[in-house]
Structures are given as C-alpha cells and as structure tokens.
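Geometric and topological summary
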Amino acid sequence: MNPCRVRDSTSAYLRSPTSMSSVLEQPLAFHPPRRAPQPQDKGRWTVDAIEALFNLPFPELMHQAQTVHRENFDPTRVEFATLLSVKTGGCPEDCGYCPQAAQYDTGVQASKLMEPQAVLEAAQRAKDAGATRFCMGAAWRAPKDRDIEKVAELVRTVKGLGLETCATLGMLEDGHAQTLQAAGLDYYNHNLDSAPDFYGDIITTRDYQDRLDTLARVRSAGVKVCCGGIVGMGETRRQRAGLVAELANLDPYPESVPINHLVKVEGTPLADQADLDPFEFVRTIAVARITMPKARVRLSAGRQQMGDAVQALCFLAGANSIFYGDKLLTTGNPDTDADVALLARLGMTRSAPDVR
C-alpha cells in the first residue's frame, strides 16, 4: 500500500454490507516550502527581492531563515558582546533617536573620555561575566587625531585581556582606521541607521555618503565592519527592505549586523513614535539572516522592551549575538542574570569568540 495514502475507516463503516471489504483511500497533501527570492543583478539584492522576503507568510520566512542559519552557524550558540560608553553626551549631531545629542534635553550629562584604568576594570568585569567582545562607544561626530591616539591606547588595554575589540566613534578621516588597526582593533561599528530615502527624516547633520565613506576607510585598513540599523522609527516595510539591501550589497557585507529596535527617549523627536509590531522586528532579523548568511546578526538596542518570547523568536530567525550588560551607552538593557537564565531556558549557550 502506498504510505502516502490512508484508510478512511469511518467512511468504510458507513458503506453497505456488500462493500464492507473495500476501503476508501484518501491522498495526503504536502506543502513544500516556497522558494525564497534570490539576489538579482549579478548577486546584488534588489529592494523588490528583499521586500518579497518580508512579505512571505511568517512560517515560510522563519523556515527559510533557520535553514540559512543552520548552514552557517550552530543555532544553539549566541555571542555575548558588551558595550561601554567611554565618552558620553555632547554630540553635535541631530539624530532624532539619540539621547546623546546636545540639542535635546534628555538628562544625559556630557563627560570626558574615560581613563585607561577605568576602561580596563570595566572590560575585566565584562570578561568575567562571559562577554567575548568589548565595544567602546564615544559620542563624537568625528574624532580628532588626538582622540584617535587616546582610543588606540584603550584598544591596546582591552586587547591585552584577550577580548575581541570594537569601537564606534563617529566618522573617521584618512589614517584613523589604520591607527586603530595597529592598536589591535578587530571591529569598527558605524551604522547606516535607515534606508537612504528615509535617512533625511531622521538625521540632517550627516549625509548617507559620509557613513559609506567611513565604512570604506575601515575596510581599507583591514578592520572588520559592524554595521546595521534601527527599525521602528516610522519607516515603511519597503524602507526596512531598503536598509537591508544597502547592508547586504556592501562588498563584502558586514561581519556583524546589529539590528536595533528604537528605544524611545523623552526629549528626543522620536519619543512619541508609535510602537512597531514585534513580528515586524522578527521579520527584519530573518531577512537580515537570509541576505547576509555568514554575518553575526545581533539583537542590540530595545531588547529590554521585547520580552523573552520575542527574543526567542529572533534567535529562531537567525540572531546569534546580543549586547550583554545592564546598559547600552545610555539606555537600559536586560541584566546579565536575565540573559543567562533565558538561554538556559532555551537550551542555548554562549559562543566562543570568532577566530581572526
């Protein structure tokens, strides 16, 4: 008997006695997964193709993302990274989401660059808590040469602990990335934030091309790129697809892709922005995983507001890195015990650092 056909005993029972020896065979219908949209135009992802991914039924999208994830990573392991603000506030930019912008009254006090000993102690605490990557952020529009020399000293300090190092300092000029690379910097973070056609609604003090130029300088110095964006700022789904297209079409695409959920801070222009549907955030993670299969896709800002169930869906969608610690620059983050407990409940573990 064909194993894909079953007996309908109820129908057979209701037939007349003369037909009791016969059975009704009923075929089972199987639903193969839809074929995911593929890059077009010599490997480049079009916005249309990425929007088509976003528009897949949720189970289909999750299946595609998990399949890609398993082909490139152990789906049970998550990287822990810690982010420290080494120079807070006073930024002259007007990014509509940022509490560190000097022109917004958010209660953030400007501070000077931290001393190496204080950064060393913070990095040691992060390592002891299980972090494998230590990121240092400074609220500059563009650091000066003397600032780069001081940050290079911080990089050497953290590198001495055996941690991967990352910095986010704003726009870099020629030679800055080389100085940081020589000090041992592994990654440089510089987010695109949004799609080009939405960018001007959020930021007016820095052009999109300025961001791309900094990323090019980082690449040319041999430093790995950490680059992502923010969702939930009022952009459309197509504009989210446009952001992912910009990231996926970088050559090569970033090794780390932080996906931030807007944290609404009183005093910023986006403080009253409507909430994003949590499933839309999960979709963004899944689409990033499919289009950038070998990247670390990181759950960044906004995890505190997501809850455990949404974070679990994000891991299923292909996220495999989190910022670990009770604060991200100036905004809250789940405490370390909560993160460890969540992974334990999910049967997941933290991963070892990437090999350079």
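This section reports on the structure supplied with the text. Per-chain numbering applies: the sequence of each chain, read as written, is numbered from 1 onward. Thresholds applied to this predicted model are a pLDDT of at least 70 for local features of residues and 80 or more for the giving and counting of side-chain atom pairs; totals over whole chains, interfaces and linings are not thresholded and use all residues. Hydrogens are left out, water is left out, and the side-chain values use all remaining heavy atoms of the structure.

1. Examining the overall build of the protein chain
- Assigned secondary structure in the protein chain consists of 13 helices and 14 strands.
- A total of 356 residues make up the protein chain; the buried ones form 52% of that total.
- Contacts between residues were defined by any pair of non-hydrogen atoms, one from each residue, lying within 4.5 Å. Considering only residue pairs separated by 6 or more positions, the protein chain has 73% of its internal contacts joining residues 24 or more positions apart.
- Only the protein chains shown count as covering a residue, and every accessible area follows the Shrake-Rupley method with a 1.4 Å probe. For the protein chain, the accessible surface area stands at approximately 16,400 Å², while carbon and sulfur atoms represent 52% of it. We count a stretch as a helix when DSSP gives it H or I for four or more residues in a row; a strand needs E for two or more, and each element gets its number in order from the N terminus. Relative accessibility thresholds used throughout: buried, under 20% of the residue-type maximum; exposed, over 50%; partly exposed, between the two (1.4 Å probe, protein chains only).

2. Quick look at helix α2 (residues 47–54)
- Along α2, the residues classified as buried are Ala 49, Ile 50, Leu 53 and Phe 54. Considered in projection along α2, the buried side chains sweep an arc of 150° and stay on one side of the axis.
- Contacts from the buried residues of α2 go to α3 (58–72), α9 (237–248) and α10 (278–291). Our arc is simply the arc of the directions from the helix axis toward the C-beta atoms.

3. Notes on the pairing of strand β10 (residues 296–299)
- Burial along β10 is two-sided: the face carrying Arg 296 and Arg 298 and the face carrying Val 297 and Leu 299 are both buried.
- The crossover handedness rule: strands pointing away from the viewer, path from first strand over the helix to second strand clockwise, crossover right-handed. What joins strand β9 (residues 256–261) to β10 is α10, and the crossover it makes is right-handed.
- When DSSP finds two or more bridges between two strands, those strands count as paired. Pairing between β10 and strand β11 (residues 321–323): 2 bridges, direction parallel. Residue pairing for β11: Leu 299 is matched across the bridge by Ile 322.

4. Brief notes about a positive patch on the surface
- Judged by side-chain charge, Lys 112, Lys 144, Arg 146 and Lys 150 come together as a positively charged surface patch.
- Mapped onto the elements of the fold, Lys 144 is located in the loop between β4 (133–138) and α5 (145–159).
- For Lys 144, a relative accessible area of 46% puts it in the partly exposed group. Think of a patch as exposed residues, more than 30% relative accessible area, with no salt bridge, where like charges cluster within 9 Å and nonpolar side chains (Val, Leu, Ile, Met, Phe, Trp, Tyr) cluster within 5 Å. We define a salt bridge as a side-chain nitrogen of Lys or Arg found within 4 Å of a carboxyl oxygen belonging to Asp or Glu. Think of it this way: Lys and Arg go in the positive column, Asp and Glu in the negative one, and His and the chain ends go nowhere. To locate a charge, take atom NZ for lysine, CZ for arginine, CG for aspartate or CD for glutamate.

5. Some remarks on the packing of helix α4 (residues 116–128) against α5
- Axes here mean lines fitted to C-alpha atoms, for a helix over just the part in contact, with angles spanning 0 to 180 degrees between N-to-C directions. Taken N-terminus to C-terminus, the directions of α4 and α5 make an angle of 35°; their axes are 9 Å apart at the nearest point. The way α4 lies across α5 gives a crossing that is right-handed. Residues Pro 116, Val 119, Leu 120 and Ala 123 of α4 lie in contact with α5, whose contacting residues are Glu 153, Leu 154, Thr 157 and Val 158.
- Amino acids outside the nonpolar list (Ala, Val, Leu, Ile, Met, Phe, Trp, Tyr, Cys, Pro) and the charged list (Asp, Glu, Lys, Arg) are all regarded as polar, and Gly is one of them. Class assignment of the residues belonging to the contact of α4 with α5 gives a composition of 6 nonpolar, 1 polar and 1 charged. In this scheme the handedness of a crossing depends on how the near helix is turned from the far one: anticlockwise by less than a right angle means left-handed, clockwise means right-handed.

6. Overview of the nonpolar core
- In plain words, nonpolar cores are sets of buried Ala, Val, Leu, Ile, Met, Phe, Trp, Tyr and Cys residues tied together by side-chain atoms within 4.5 Å. Of all hydrophobic cores here, the largest spans 91 residues; its most connected members are Tyr 97 and Phe 134.
- By residue number, the principal contributor to this core is α10, which donates 7 residues.
- Once residues lying within four places of it in the same chain are set aside, the contact partners of Phe 134 are Thr 82, Leu 84, Val 119, Ala 122, Ala 123, Ala 126, Val 158, Leu 163, Glu 164, Thr 165 and Cys 166.
- The next biggest cluster of nonpolar side chains, apart from the first, holds 6 residues, and it includes Ala 81, Cys 166, Tyr 187 and Phe 323.

7. Describing α9
- Between the first and last C-alpha of α9 there are 16 Å, a value that for 12 residues agrees with the 16 Å anticipated at 1.5 Å per step.
- Counting buried residues along α9, 9 of its 12 residues qualify, which places the element largely inside the surrounding structure.
- When α9 is considered as a whole, its buried residues turn out to be Gln 239, Arg 240, Ala 241, Gly 242, Leu 243, Val 244, Ala 245, Leu 247 and Ala 248.
- Those residues of α9 that are buried are in contact with α2, α7 (196–199), β8 (229–231), β9 and α10. To estimate how far a helix should extend, the number of its residues minus one is multiplied by 1.5 Å.

8. Let's talk about the pattern of salt bridges
- Under the definition given, this model contains 17 salt bridges.
- Note that Arg 237 is salt-bridged to Glu 280, the shortest N-O span being 2.8 Å. You can see Arg 237 sitting in helix α9 and its partner Glu 280 sitting in helix α10, a full 43 residues away along the chain.
- Overall, the relative accessible area of 8% leaves Glu 280 in the buried class.

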